[in-house]
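This is what each chain is made of:
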Amino acid sequence: MSETASAETIDPRVLRDCCGKFATGVTVITTRTAEGTHGMTVSAFMSVSLDPPLVSISLNRQSKTLGKIREAGCYAVNILTREMKPHALHFAGSHDNTLTNLFEERYGLPTLRGAAAILVADVVREIEAGDHVLVLGHVRELDHAAYALPLLFHAGQFGDLAKGPTA
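Worth saying up front: this structure is predicted, and the values here are computed from it rather than measured. (Residues numbered from 1 in each chain as written. Predicted model: local features only at pLDDT ≥ 70, side-chain atom pairs only at ≥ 80, totals over all residues. Heavy atoms only, no water.)

1. Considerations on the nonpolar core
For step 1, the next point in the chain: Formed by 14 residues in total, the largest nonpolar core has its most connected members in Ile29, Ile57, Leu59, Ile69, Tyr75 and Val135.
For step 2, the next point in the chain: Listed by contribution, the elements that provide at least two residues to this core are strand S5 (54-60), helix H2 (64-72), strand S6 (74-79), strand S9 (117-129) and strand S10 (132-144).
For step 3, the next point in the chain: Setting aside residues up to four positions removed in sequence, Ile29 forms contacts with His38, Gly39, Met40, Val42, Ile57, Ile69, Tyr75, Ala76 and Val77.
For step 4, the next point in the chain: Counting residues in each nonpolar core, the second largest holds eleven residues, with Met84, Phe91, Leu112 and Phe158 among its members. (Core = buried A, V, L, I, M, F, W, Y, C linked by side-chain atoms within 4.5 Å. Buried < 20%, exposed > 50% of the residue type's maximum accessible area, 1.4 Å probe, protein only. Helix = DSSP H or I, 4+ residues; strand = E, 2+ residues; numbered from the N terminus. Contact = heavy atoms within 4.5 Å.)

2. A short note on the environment of His38
For step 1, the next point in the chain: One can find His38 in strand S3 (residues 36-42).
For step 2, the next point in the chain: Given a relative accessible area of 16%, His38 falls into the buried group.
For step 3, the next point in the chain: Setting aside residues up to four positions removed in sequence, His38 forms contacts with Ile29, Thr30, Thr31, Arg32, Thr33 and Lys68.
For step 4, the next point in the chain: Within the local environment of His38, its side chain forms a polar contact with the side chain of Thr33, the two groups lying 2.9 Å apart. (Polar contact = N/O pair within 3.5 Å; in protein donor to acceptor, adjacent residues only side chain to side chain.)

3. Regarding the side chain of Thr31
For step 1, the next point in the chain: Mapped onto the elements, Thr31 comes out in strand S2 (residues 27-33).
For step 2, the next point in the chain: Those residues in contact with Thr31 that sit more than four places away from it in its chain are Gly36, Thr37, His38, Lys68, Ile69, Ala72, Cys74, Tyr75, Leu109 and Pro110.

4. With respect to the pairing of S2
Looking along a regular strand, one sees the side chains alternate between the two faces of the sheet.
For step 1, the next point in the chain: Counting buried positions along S2 gives six out of seven residues, so the element sits mostly inside the fold.
For step 2, the next point in the chain: Bridge analysis of S2 against S3 gives seven bridges, and the strand direction is antiparallel. Across the sheet, the residue bridging to Ile29 is Met40, located in S3.
For step 3, the next point in the chain: If you look at the hairpin formed by S2 and S3, you'll find two residues sitting between the two strands.
For step 4, the next point in the chain: Across four bridges, S2 lies against S6 in antiparallel orientation. Looking at the pairing, Ile29 lines up with Val77 of S6. (Pairing = 2+ DSSP bridges.)

And the structure:
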């Protein structure tokens, strides 16, 4: 029924599966450099502090997006609605050429049209954390749709609050 492991024998896949039991929202992190607009699907996002307003994202050290955010010094967190599963897949590497006119300029950064919420943050600190880097951002702008329902990620599948796994 269950898999158990001690600290000396934690398998990364088992840890990932275990953490996957925690349902999270789905975001696309966007930024802009001289090379253009960049985006990446990220579920490791959290609010850190209300005063001052701080959020954090967790990115793999090898992530190209981490380098882009370092270069730009800022990023936007686009919290996806349950209808935005194609966007999540697109920015996770399964490019979808049917998605067009994705971005709108807001608060000096590219943001996703139709997102449930947008937070624009300036990088204030990076925290090395194993094979990832936590990027702490000071929120300078935000907006949200009052009644938007979120896209969720749980146990390796997308879903929503009302229906469970999405098609």
